[in-house]
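# Topology and contacts: notes
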Amino acid sequence: MYRGRWLGHRARAYVTCPSTQPLAWRWVREGAPHGGIVVAREQTAGKGRFDRAWWTGRGGLALTLILRPDIPTDRLGMFAWLTAAGLLRALATLGVEGKVKWPNDVLLPLPDRGHPRSRDAINRVSKPMPPTSSCHPDKRNPCLSSPPLLRVRGRLQRGSRSNEPPCWSRLGKWAGILPQSAIAGQKVDAVVIGIGFNVRRPDCLPLCADQAAFLSDVGIERDDQTVLHHVLEGLQSVFDELLGRGDANSENPISTTPFQEWRRACVTLGQVVRVRVDGEVVTGWAMDVTPAGALIIRQSDGGERRVHAGEATIVKGSFE
């Protein structure tokens with residue numbers, strides 16, 4: 001089991017469990033230390049945001065982190081993007097560039113339906129379509145409007161023949177993040193972060209995981225322990241940068257390196273989005289994210305709306 005400077009010094013590992021999240025909360029009530037982790041190869045009753053089913057079976061790992069940070073309660077929202085930044089670093093050390101979707105998804109390329117998954121096709125990636133929406137076309141941030149080619153194994157690659165169909169034309173969910181917290185008085189008692197990520201694509205998937213992406217889809221063949229080591233190393237590095245130096249308590253934590261890495265990889269920013277918030281639908285241009293993790297949306301009337309949580313959909317024609 002991984003043992004970093006402080007993350008993973010105490011761990012509880014399971015082959016199968018209903019869900020790592022309630023096991024972590026039970027450990028918190030028992031006095032779990034900062035940096036404790038719960039990990040399982042299979043979950044039989046995993047849950048994601050909005051109480052949705054989260055599949056973790058053969059080919060995936062479920063991980064829950066326990067943190068006891070000294071931060072103000074209004075900064076709890078940052079743990080979604082901070083955790084995603086750590087996962088991006090883990091992917092980079094494994095040799096692949098990931099993307100993120102607000103608020104809590106880390107993405108990798110999906111193989112085209114019906115396209116043979118041959119070794120020759122593994123490393124080909126395709127350029128996402130640039131935004132074509134008419135909403136504020138002249139106000140787009142040029143750094144956000146044209147996502148770069150996805151980088152696999154340190155190189156940007158395409159098919160060898162011009163008439164060859166691209167192997168990767170869609171992005172799928174490689175990892176999901178579920179941060180939860182406990183507050184005692186005016187202090188944060190604990191932050192519990194559930195993470196599910198995919199290693200090897202199995203022969204068949206349940207319907208709830210039909211958009212799941214796997215490291216094996218992009219030619220990354222590693223055993224579970226190796227992938228877990230990279231994931232925990234990436235997470236510890238971003239937590240050290242923001243929590244260890246006290247930057248989480250600063251006036252502008254989004255100026256830090258982890259946030260800028262997350263922002264550059266975010267396919268939501270610079271796009272027209274539709275977000276469902278408590279039964280209401282908010283539509284507009286995704287401009288930026290606040291230190292608390294709220295998405296700033298510019299609506300058609302020019303007004304700005306800050307959305308702290310919701311289900312975001314990128315409007316067709318802006319990015320697929």
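Shown above is the structure to which this text applies.
Here's what I pulled together on the structure shown here. Residue positions within a chain follow its written sequence, with the count starting from 1. Given that this is a predicted model, residues contribute local features only at a pLDDT of at least 70 and side-chain atom pairs are listed and counted only at 80 or more, while totals for whole chains, interfaces and linings are drawn from all residues. No hydrogens and no water enter the side-chain calculation; it runs on all heavy atoms of the structure.

## A short note on the overall build of the protein
Working definition: helices are DSSP H or I runs of at least four residues, strands are E runs of at least two. Numbering for both runs from the N terminus. Looking only at helices and strands, one finds five helices and 12 strands in the protein. Looking at the 320 residues of the protein, the share that counts as buried comes to 53%. We call two residues in contact whenever any of their non-hydrogen atoms come within 4.5 Å of each other. Contacts spanning at least 24 positions in sequence make up 70% of the contacts within the protein whose residues lie at least 6 apart. The rule is simple: take the accessible area with a 1.4 Å probe, protein chains only, and divide by the maximum for that residue type; under 20% is buried, over 50% is exposed, in between is partly exposed.

## Regarding the packing of aromatic side chains
Centres within 6.5 Å make a pair out of two Phe, Tyr or Trp rings, where for Trp the six-membered ring is used; the pair is then stacked when the planes are under 30 degrees apart, edge-to-face when over 60, and tilted otherwise. Under the definition given, this model contains four aromatic pairs. With 6.2 Å between their ring centres and 40 degrees between their planes, Trp 6 and Phe 239 make a pair best called tilted. One end of the pair, Trp 6, is in the segment before strand 1 (11–17); the other, Phe 239, is in helix 4 (residues 224–244), and 233 residues separate them in sequence. Ring pairs connect the aromatic residues Trp 81, Phe 259 and Trp 262, which therefore count as one cluster.

## Side note on the sheet that holds strand 10 (residues 295–298)
Any two strands with at least two DSSP-identified bridges between them are counted as paired. Taken in spatial order, the five strands line up as 11-10-9-8-12 in an open sheet, and their pairing is antiparallel. Every interior strand has two partners, whereas the edge strands, strand 11 (304–307) and strand 12 (311–314), have only one. Adjacent strand axes in the sheet meet at a mean angle of 45 degrees when their direction is disregarded. Two elements, strand 10 and strand 11, share four bridges in a ladder whose sense is antiparallel. Counted as the bridge partner of Ile 297 is Arg 305 from strand 11. Between N-to-C directions, angles span 0 to 180 degrees; the directions come from axes that are lines fitted to C-alpha atoms, helices contributing only their stretch in contact.

## Some remarks on the packing of helix 2 (residues 78–94) against helix 4
Direction vectors running N to C along helix 2 and helix 4 enclose 135 degrees, while the axes themselves pass 7 Å from each other. Taken together, the axis directions place helix 2 and helix 4 in an arrangement best described as oblique. The crossing of helix 2 and helix 4 is right-handed. Listed contacts from helix 4 to Met 78, Phe 79, Trp 81, Leu 82, Thr 83, Ala 85, Gly 86, Leu 87, Arg 89, Ala 90, Thr 93 and Leu 94 of helix 2 are His 230, Val 231, Gly 234, Leu 235, Ser 237, Val 238, Phe 239, Glu 241, Leu 242 and Leu 243. Residues of the contact of helix 2 with helix 4, tallied by class, amount to 14 nonpolar, six polar and two charged. Oblique is the label for every angle not falling under 35 degrees (roughly parallel), over 145 degrees (roughly antiparallel), or within 65 to 115 degrees (roughly perpendicular). By definition, any crossing whose near helix is turned counterclockwise from its far helix by less than a right angle is left-handed, and any crossing with a clockwise turn is right-handed. Side-chain classes follow a simple rule in which Ala, Val, Leu, Ile, Met, Phe, Trp, Tyr, Cys and Pro form the nonpolar group, Asp, Glu, Lys and Arg form the charged group, and the remainder, Gly included, forms the polar group.

## A word on the pattern of salt bridges
Between side chains of opposite charge, a pair can form as their charged atoms come close. Salt bridge criterion: a side-chain nitrogen from Lys or Arg within 4 Å of a carboxyl oxygen from Asp or Glu. In total, this model carries 13 salt bridges according to the counting rule given. Of the charged contacts, one joins Asp 240 and Arg 5 as a salt bridge, the two residues approaching to 2.4 Å between their closest N and O atoms. Residue Asp 240 is found in helix 4, and its partner Arg 5 is found in the segment before strand 1; the two are separated by 235 residues along the sequence. Judged by relative accessible area, Asp 240 falls into the partly exposed class, the value being 22%. We classify Arg 5 as exposed; its relative accessible area is 58%. As a salt-bridge pair, Arg 263 and Asp 288 come within 3.2 Å of each other at their nearest N and O atoms. Residue Arg 263 is found in helix 5 (residues 257–265), and its partner Asp 288 is found in strand 9 (residues 280–289); the two are separated by 25 residues along the sequence. Its relative accessible area of 22% is what places Asp 288 among the partly exposed residues. Each of Arg 41, Arg 200 and Asp 224 takes part in a single network of salt bridges with overlapping partners.

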